[in-house]
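Topology and contacts: notes
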Amino acid sequence: MAIFSNQATLTYNGNTTNSNIAYGEILDVLAVTKTSVEGVYAPGQLVTYVVTLRNTGTAPLTGLTVTDDLGGYAYNGTTLYPLTYEAGSAAVFVDGVPQGEPAVTAGPPLTVTGLTVPAGGDLVLVYQARANDFADPTAGGVIINTVTVTGDGLSAPATATATVTGTAAPLLTITKSISPAQVVDNDRVTYTFLIQNTGNEAVVATDNAAISDTFDPILTDLAVTFNGAAWTEGVQYNYDETTGLFTTNPGQITVPAATYTQDPVTGAYTLTPGVVTLTVTGTI
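Numbering of residues begins from 1 in every chain and follows the order in which that chain's sequence is written. Reporting of local features is limited, given that this is a predicted model, to residues whose pLDDT is at least 70; pairs of side-chain atoms are given and counted only at 80 or more, and all residues count toward the totals for whole chains, interfaces and linings. To get the side-chain values, all heavy atoms of the structure are used, and hydrogens and water are removed first.

1. Let's talk about the sheet that holds strand β23 (residues 245–248)
Adjacent strands of a sheet pair through backbone hydrogen bonds, lying either parallel or antiparallel. Pairs of strands are assigned from DSSP output, requiring at least two bridges between the strands. Here a strand is any run of E in DSSP of at least two residues, a helix any run of H or I of at least four, and the numbering for each starts at the N terminus. Spatial strand order, β19-β23-β22: 3 strands in an open sheet with antiparallel pairing. Only two strands of the sheet have a single neighbouring strand rather than two, namely β19 (212–214) and β22 (237–240). The sheet shows a mean angle of 10 degrees between the axes of neighbouring strands, direction not considered. Alignment of β22 against β23, held across 4 bridges, turns out to be antiparallel. In the sheet register, N238 faces β23, and the bridge partner there is T247. Lines are fitted to the C-alpha atoms to define the axes, a helix being fitted only along its stretch in contact, and any angle between axes, read from their N-to-C directions, falls within 0 to 180 degrees.

This is the structure:
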């Protein structure tokens, strides 16, 4: 909705008089909303956006363009874009009927052109964008994302904004190695378990993280360490020498959260995972 005003001036015999001010109102016929399906993001994760254009007028709105700023924010004298459009992900539905992939320019900013909203109808634009190296990876991170709709049939651009927040969660991976790789009977071998956390929250005791492994061949005379500190059987872990089953007790494994640094020049975030090491040494 836009308010406009107008005033006339009357001149005669060197005199000037003004009319009253007349006010009018231009009613918006296009309503725009934008939502995120997930509501959250993590580095490298896809975020699905739904943009709805509703035409309350009696004539179709043609030749519309939707521009998405992909969350652009000012940094170090430039604009960084924390989202990257996922090629081929855009689809359009008019009054619920699929229209296929529209004309898209990936940007940034992202633009979708040639859209038509029928009179009294709606158009839904669905697309995905991936959180990239410029997206704040911390638990308090946000991406504020705005679309702007323009076209000859509109009295003014229409906008809508969606905000997604960084996912607060650990993300663990585990790798296992053996040393030495070549052994004979009665040799001592060491299994090393490297656990990495690339998430923005630590794994704490109440998360009940645990490792289980069945050693084959079965090991005897175990020595176990966690980050270099000796563990005691029956306290931090259990081992069955008849089956080779090794298990850590829930809550004994804790892993710090990843840390992040933002390059002061480029603005890209670099991740350093939280790391812990469990070693199990025994005789074959």
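2. Let's talk about the sheet that holds strand β12 (residues 103–105)
What the 6 strands build is an open sheet, ordered β4-β16-β15-β6-β13-β12; its pairing is mixed. Pairing within the sheet leaves two strands with one partner each, and these edge strands are β4 (40–41) and β12. Here 5 bridges tie strand β6 (residues 61–68) to strand β13 (residues 110–117), and the two strands are oriented antiparallel to one another. The residue bridging T67 from the neighbouring strand is T111, located in β13.

3. Observations regarding unusual backbone geometry
One can expect most non-glycine residues to show negative phi and most peptide bonds to be in trans. In this model, G107 is joined to P108 through a cis peptide bond whose omega is 15 degrees. Along the chain, P108 falls in the loop between β12 and β13. Here S179 and P180 are connected by a cis peptide whose omega angle stands at -10 degrees. The residue P180 is located in the loop between β17 (172–179) and β18 (188–197) in this model. Of note, the phi angle at D95 is positive, near 50 degrees, even though the residue is not glycine.

4. Some points on the side chain of N200
Relative to the assigned elements, N200 resides in the loop between β18 and β19. Accessibility here uses a 1.4 Å probe with only protein chains present; expressed as a share of the type maximum, an area under 20% marks a residue as buried, one over 50% as exposed, and anything in between as partly exposed. Taking relative accessible area as the criterion, N200 reaches 15% and is therefore assigned buried. A 3.5 Å cut-off defines polar contacts: any pair of N or O atoms within that distance qualifies, except that in protein one atom must be a possible hydrogen donor and the other a possible acceptor, and neighbouring residues in sequence count only when both atoms are side-chain atoms. Within polar-contact distance, the side chain of N200 engages the backbone oxygen of P137 at 3.0 Å. Reaching out from N200, the side chain makes a polar contact with the backbone nitrogen of A169 at a distance of 3.0 Å. It only takes one pair of heavy atoms within 4.5 Å for two residues to be counted as in contact. The residues touching N200, leaving out its near neighbours within four places in the chain, are P137, T138, A139, T167, A168, A169, A257 and Y260.

5. Here's the deal with the pattern of salt bridges
Salt bridge criterion: a side-chain nitrogen from Lys or Arg within 4 Å of a carboxyl oxygen from Asp or Glu. Taken as a whole and assessed by the stated rule, the structure comprises 5 salt bridges. Of the charged contacts, one joins K176 and D213 as a salt bridge, the two residues approaching to 2.4 Å between their closest N and O atoms. With a gap of 37 residues between them, K176 in strand β17 and D213 in strand β19 connect regions that are remote in the sequence. Given a relative accessible area of 43%, K176 falls into the partly exposed group. Judged by relative accessible area, which is 14%, D213 ranks as buried.

6. Brief notes about the environment of T62
Of note, T62 is situated in strand β6. Take T62: its relative accessible area is 47%, and that puts it in the partly exposed class. Along the sequence, T62 and P98 sit 36 residues apart, while their C-alpha atoms lie 17 Å from each other. Every residue in contact with T62, bar those within four places of it in the chain, is listed here: L115 and T116.

7. Observations concerning the nonpolar core
Nonpolar cores are built from buried Ala, Val, Leu, Ile, Met, Phe, Trp, Tyr and Cys residues. Side-chain atoms within 4.5 Å join them into one set. Within the largest apolar cluster, 34 residues are counted, with the highest numbers of intra-cluster contacts made by L30, V32, L53, L64, L125, Y127 and V149. With 5 residues, the single largest contributor to this core is strand β14 (residues 122–131). Those residues in contact with Y127 that sit more than four places away from it in its chain are K34, V47, T48, Y49, V51, D68, Y85, S89, A90, L110 and V147. One finds F193, V203, L219 and L222 within the second-largest nonpolar core, a separate group that totals 21 residues.

Honestly, that's just the spatial picture; any functional story needs more than this.
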